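The lines below spell out each chain.
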Amino acid sequence: MAAQDEGFRDRVSRQGEEALGRLAEELAGNPLVHGALTRAFGAREKALQAQEAAMGALGVPSAADVERVTRRLRSVSQRLEGIEEAVDRLDARLEGLGEALEDLGESPDGADRMEGLEKRLQEMGTDLAAIRDAVAPGADVPPRNQERLAVAE
C-alpha cells in the first residue's frame, strides 16, 4: 500500500508541476500580463530613483552609499593591517641588529663606532700635518708664483 501511495504522490506531483509550468508559459506569453509586469518593474525602478534622489537631497546616504563606504573601509583596514605587520617585521629586524651590535661590543646607536671614526680622523690630521712639515718646513706656504722656478743655464 505504501508503494501505491508513493506512486500516486509522484504522479500527482508531476502533473501539478506540469500544470503550473503550462500556466506560467501562458501568462508569460499573454501580452496583457507581459505589459503589466513591464510597467510594474519600470515603476519600481522609478520609485527607487526617486527615493535615492530624495535621500540625497536630505543628505541621507543610500544603501549603495553605505555599501561603498563599507567596502572602502574594509580595504583601508586590510592595508593598515599589512602596514602594521611590515612595521612589526622591521622592528624585529632592528632589534636583532641591535643585539648583534651589542655582541660585537658596540652600542646599538653607533656611538662607539662614531668615537672610533673621530679618533681615526684626528690621527689622519696629525699625519698630514707631519707630512706637510716634512715637505715644506715653516708655517708659511710659498706663494703660487714661487712654486716653479725657472732654471737658468
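Just so it is clear, the structure is predicted and the values come from calculations on it, not from any experiment.

What counts and how
- Residues numbered from 1 in each chain as written.
- Predicted model: local features only at pLDDT ≥ 70, side-chain atom pairs only at ≥ 80, totals over all residues.
- Heavy atoms only, no water.
- Helix = DSSP H or I, 4+ residues; strand = E, 2+ residues; numbered from the N terminus.
- Buried < 20%, exposed > 50% of the residue type's maximum accessible area, 1.4 Å probe, protein only.
- Areas by Shrake-Rupley, 256 points an atom, 1.4 Å probe, with all protein chains shown as cover.
- pLDDT = per-residue confidence, 0-100.
- Patch = residues over 30% accessible without salt bridge, like charges linked within 9 Å, V, L, I, M, F, W, Y side chains within 5 Å.
- Salt bridge = Lys/Arg side-chain N within 4 Å of Asp/Glu carboxyl O.
- Lys, Arg positive; Asp, Glu negative; His and termini not counted.
- Charge placed at Lys NZ, Arg CZ, Asp CG, Glu CD.
- Expected span 1.5 Å × (residues − 1).
- Polar contact = N/O pair within 3.5 Å; in protein donor to acceptor, adjacent residues only side chain to side chain.

Peer 1: Can you walk me through the overall build of the protein chain in this structure?
Peer 2: When its secondary structure is counted, the protein chain shows 4 helices and 0 strands. Seen in sequence order, the protein chain has helices and strands lined up from the N terminus as α-α-α-α. Split into buried and exposed, the 153 residues of the protein chain put 3% on the buried side. Per element, the accessible surface of the protein chain, about 14,000 Å² overall, is 58% carbon and sulfur.

Peer 1: What is the right way to look at the confidence of the model for the protein chain in this model?
Peer 2: Counting all residues, the mean pLDDT for the protein chain is 81, and 79% of those residues have values of 70 or more. The secondary structure element of the protein chain with the lowest average pLDDT is helix 4 (residues 111-135), at 81, and the one with the highest is helix 2 (residues 31-58), at 89.

Peer 1: Sorry, what's going on with a negative patch on the surface here?
Peer 2: Taken together, the side chains of Glu81, Glu84, Glu85, Asp88, Asp91, Glu95, Glu99 and Glu102 make up a negatively charged region of the molecular surface. If you trace the backbone, aspartate 88 turns up in helix 3 (residues 63-103).

Peer 1: Please clarify how a nonpolar patch on the surface should be interpreted in this entry.
Peer 2: On the surface, Leu20, Leu23 and Leu27 cluster together into a nonpolar patch covering about 290 Å² of accessible area. Take leucine 20: it is sitting in helix 1 (residues 2-29).

Peer 1: I would appreciate a short explanation of the pattern of salt bridges in the present structure.
Peer 2: A full pass over the atoms with the stated rule returns 2 salt bridges. With a shortest N-O distance of 2.2 Å, arginine 68 and aspartate 65 are connected by a salt bridge. Within this pair, arginine 68 and its partner aspartate 65 are both found in helix 3, separated by 3 residues, close to a single helical turn. When its relative accessible area of 29% is taken as the criterion, aspartate 65 is described as partly exposed. Arginine 120 is paired through a salt bridge with glutamate 123; the nearest N and O atoms lie 3.2 Å apart. Residue arginine 120 and its partner glutamate 123 are both found in helix 4; the two are separated by 3 residues, about one turn of the helix. Looking at arginine 120, the relative accessible area reads 46%, which means it is partly exposed. A relative accessible area of 34% means that glutamate 123 is categorised as partly exposed.

Peer 1: Looking at this structure, how should I read helix 2?
Peer 2: In an α-helix, one full turn covers 3.6 residues, which means residues spaced three or four apart are oriented alike. With 28 residues, helix 2 ought to run about 40 Å at 1.5 Å a step, and its terminal C-alpha atoms sit 40 Å apart, in line with that. Capping the start of helix 2, asparagine 30 holds a side-chain oxygen 2.9 Å from the backbone nitrogen of leucine 32, two or three residues further along. Positive backbone phi, at 80°, marks glycine 59, one or two positions downstream of helix 2.

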